[in-house]
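# Notes for the structure review
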Amino acid sequence: PGPERKNSRQRFVVSLSACLFDFVIQLLPTADEMAVKEDVRKLLERLIRTIEPDSRLLSFGSTANGFSLRNSDMDLCCLIDSDERLSAADLVTMLGDLLERETKFHVKPLPHARIPIVKLSLDPSPGLPLGIACDIGFENRLALENTRLLMCYAMIDPTRVRTMVLFLKVWSKRRKINSPYQGTLSSYGYVLLVIYFLVHVKNPPVLPNLQQMPPLRPISKEDTHVGGHNTWFFDDIELLRQRWGSSNMETVAELLIDFFRYYARDFSYNTGVASIRAGLLKKESKGWQNDLTGGRYHDARERNRLCIEDPFETDFNVARCVTKDGLYTIRGEFMRASRILATRPERAIVALAQLCE
Ligand code: ATP
Ligand code: MG
């Protein structure tokens, strides 16, 4: 490219990066909102302890991993530190009754769901203009660990990682491709796509692979396995921040442009599995192929259009809800975003508005 074009590209990415930071900052939860959520967590914990005295109620998902937007829902997990405990289904039913009696929440216990949960919500009020939505599950230790893994990734390079993830969350919601129940991808899935891109696609990488780094001291199997899954990862972030300096100096705008291009054009949707633990894998090697036709394989085929390996539950495809149509829509959106950014509108803010239309 001639020097003139190079300059105009440079100007565009600098101003787009600035716009991205501004845009994302406005969408962060306020300190007030965080405080209200913490109060709610404490209140619920106190109530649950009247049923199970040895229990703790912990936050996971976006409220705990640093990728939270204003008014995002709360994911809570109840851990019970005693050997004799009620079944999750019984706990859900009892807790549902208790919360119905003792609080102003709308309560919906789902004791027979694949993962039994109690769903809670509060209507908007003057002190809480957007209300609150919250799910309480039980003993979901893997979710706590994957939340901690995402949080560690966010902390290594907070500016670039958080800006990208938060922007993509808003973008995917506004473009209506963030509904696993309607055949598109969960927020968790999008976050894994970003981390996969920053660890395995970018060269030099923006992030190290925390699950493959050598441990500082010997570790025993008991310390690292949860329910048969290896959940070890390098989590000494202070040390990492001192030692890991990525030589990738791209701006957040350059990374975002590249992200859209990669998932619009280059990712091998038909045969590939995105694994933040192990890089690009083959569907075949995981038994996740989608080219089997008819009969009993039909289901497998529908479940494995898009494959994203869970970092710990490696036999679990995080994107199994994505249907053929859903994937078509998602890829169409990656292409649209890529196209908009490639035209480099005069003002970056216009590009952002157009992206999230
Ligand atoms: P949002 O702000 O949109 O609620 P989030 O970061 O809380 O986003 P969710 O998709 O709500 O993301 O997921 C919350 C947590 O639930 C994740 O951190 C993960 O632990 C767990 N989770 C969600 N979806 C899946 C999935 N498909 N497979 C495994 N775990 C999941
Ligand atoms: Mg959530």
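Residues numbered from 1 in each chain as written. Chains lettered and ligands numbered in written order. Predicted model: local features only at pLDDT ≥ 70, side-chain atom pairs only at ≥ 80, totals over all residues. Heavy atoms only, no water.

On to the coordination of the magnesium ion (ligand 2). Taken together, the protein ligands of the magnesium ion (ligand 2) are Asp73 (OD) and Asp75 (OD), with distances of 2.4 to 2.6 Å. Given a relative accessible area of 34%, Asp73 falls into the partly exposed group. (Donors = N, O, S within 2.8 Å, 3.2 Å for Na, K, Ca; no water. Buried < 20%, exposed > 50% of the residue type's maximum accessible area, 1.4 Å probe, protein only.)

Each assigned domain of the chain is listed with its residue range as follows: domain 1 (31-141) and domain 2 (157-207 + 246-355). Counting residues at the interface gives 6 residues for domain 1, matched by 9 residues for domain 2. Summed over both partners, the interface of domain 1 with domain 2 comes to about 590 Å²; 70% of that surface belongs to carbon and sulfur atoms. Summed over the shared surface of domain 1 and domain 2, the result is 0 salt bridges. Linking domain 1 with domain 2 are 2 residue pairs in polar contact (both at pLDDT 80 or more). For the side of domain 1 that touches domain 2, the residue count by class is 2 nonpolar, 3 polar and 1 charged. (Domains from an automatic or database assignment. Contact = heavy atoms within 4.5 Å. Buried area = accessible area lost by both parts, 1.4 Å probe. Salt bridge = Lys/Arg side-chain N within 4 Å of Asp/Glu carboxyl O. Polar contact = N/O pair within 3.5 Å; in protein donor to acceptor, adjacent residues only side chain to side chain. Nonpolar A, V, L, I, M, F, W, Y, C, P; charged D, E, K, R; others polar.)

Turning next to the pattern of salt bridges. With the rule as written, the count across this model stands at 19 salt bridges. Through salt bridges that share partners, Glu38, Arg41, Glu45 and Arg49 make up one connected network.

Going through the model one piece at a time under the given rule, you end up with 16 aromatic pairs. Between Phe259 and Phe260 the ring centres are 5.8 Å apart and the planes differ by 75°, which places this aromatic pair in the edge-to-face class. Taken individually, Phe259 and Phe260 each receive the classification buried, so the pair is uniform in this respect. For the pair Phe260 and Phe334, a centre-to-centre distance of 6.2 Å together with 50° between the ring planes defines the contact as tilted. One end of the pair, Phe260, is in helix α10 (residues 252-266); the other, Phe334, is in helix α13 (residues 324-343), and 74 residues separate them in sequence. One aromatic cluster is present, built from ring pairs that chain together Trp171, Tyr196, Phe197, Phe259, Phe260, Tyr262, Tyr263, Phe267, Tyr269 and Phe334. Its end group placed over the ring of Trp288, Lys286 keeps NZ or CZ at 4.9 Å from the ring centre. (Phe/Tyr/Trp six-rings, centres within 6.5 Å; stacked < 30°, edge-to-face > 60°. Helix = DSSP H or I, 4+ residues; strand = E, 2+ residues; numbered from the N terminus. Lys NZ or Arg CZ within 6 Å of the ring centre and 35° of its normal.)

It is worth spelling out the environment of Thr343 at this point. Mapped onto the secondary structure, Thr343 falls in helix α13. Side-chain polar atoms of Thr343 contact the backbone oxygen of Ile340, separated by 2.7 Å.

Let's shift gears to the environment of Lys42. By the secondary structure assignment, Lys42 is in helix α2 (residues 31-49). For Lys42, a relative accessible area of 43% puts it in the partly exposed group. Taking the C-alpha atoms as reference points, Lys42 and Leu58, separated by 16 residues in sequence, lie 9.5 Å from one another.

We now examine the sheet that holds strand β4 (residues 117-122). Pairing is mixed across the open sheet formed by 5 strands, whose spatial order is β1-β2-β5-β4-β3. The open sheet has two free edges, formed respectively by β1 (55-60) and β3 (106-110), since each of these has just one partner strand. Taken pair by pair, the neighbouring strands of this sheet meet at an average axis angle of 20°, ignoring direction. The pairing of β1 with strand β2 (residues 74-80) spans 6 bridges and is classified as antiparallel. Looking at β2, one finds that Leu58 is bridged to Cys77. Together, β1, β2, β4 and β5 (132-138) form the strand contacts of α2, whose direction differs from that of β1 by roughly 150°. Sheet strands touched by helix α5 (residues 141-156): β1 and β2. Its angle to β1, the strand with the most contacts, is close to 40°. (Pairing = 2+ DSSP bridges. Axes fitted to C-alpha atoms, helices over the stretch in contact; angles between N-to-C directions.)

The next point concerns the site of ligand 1. Taken together, 18 residues form the shell around ligand 1, and within it Ser62, Asp73, Asn146, Lys173 and Ser187 come nearest. Asp75 has a polar side-chain atom sitting 3.2 Å from an oxygen atom of ligand 1. Within the contact set of ligand 1, an oxygen atom lies 2.5 Å away from a side-chain nitrogen or oxygen of Asn146. Isolated, ligand 1 exposes 610 Å² of accessible area, and the fraction of that covered by the protein chains is 81%. At the level of elements, α5, α6 (158-174) and α7 (187-201) are the ones that each hand at least two residues to the shell around ligand 1. By residue number, the principal contributor to the shell around ligand 1 is α5, which donates 3 residues. The residue makeup of the shell around ligand 1, split by class, is 5 nonpolar, 7 polar and 6 charged. (Near = heavy atom within 4 Å. Areas by Shrake-Rupley, 256 points an atom, 1.4 Å probe, with all protein chains shown as cover.)

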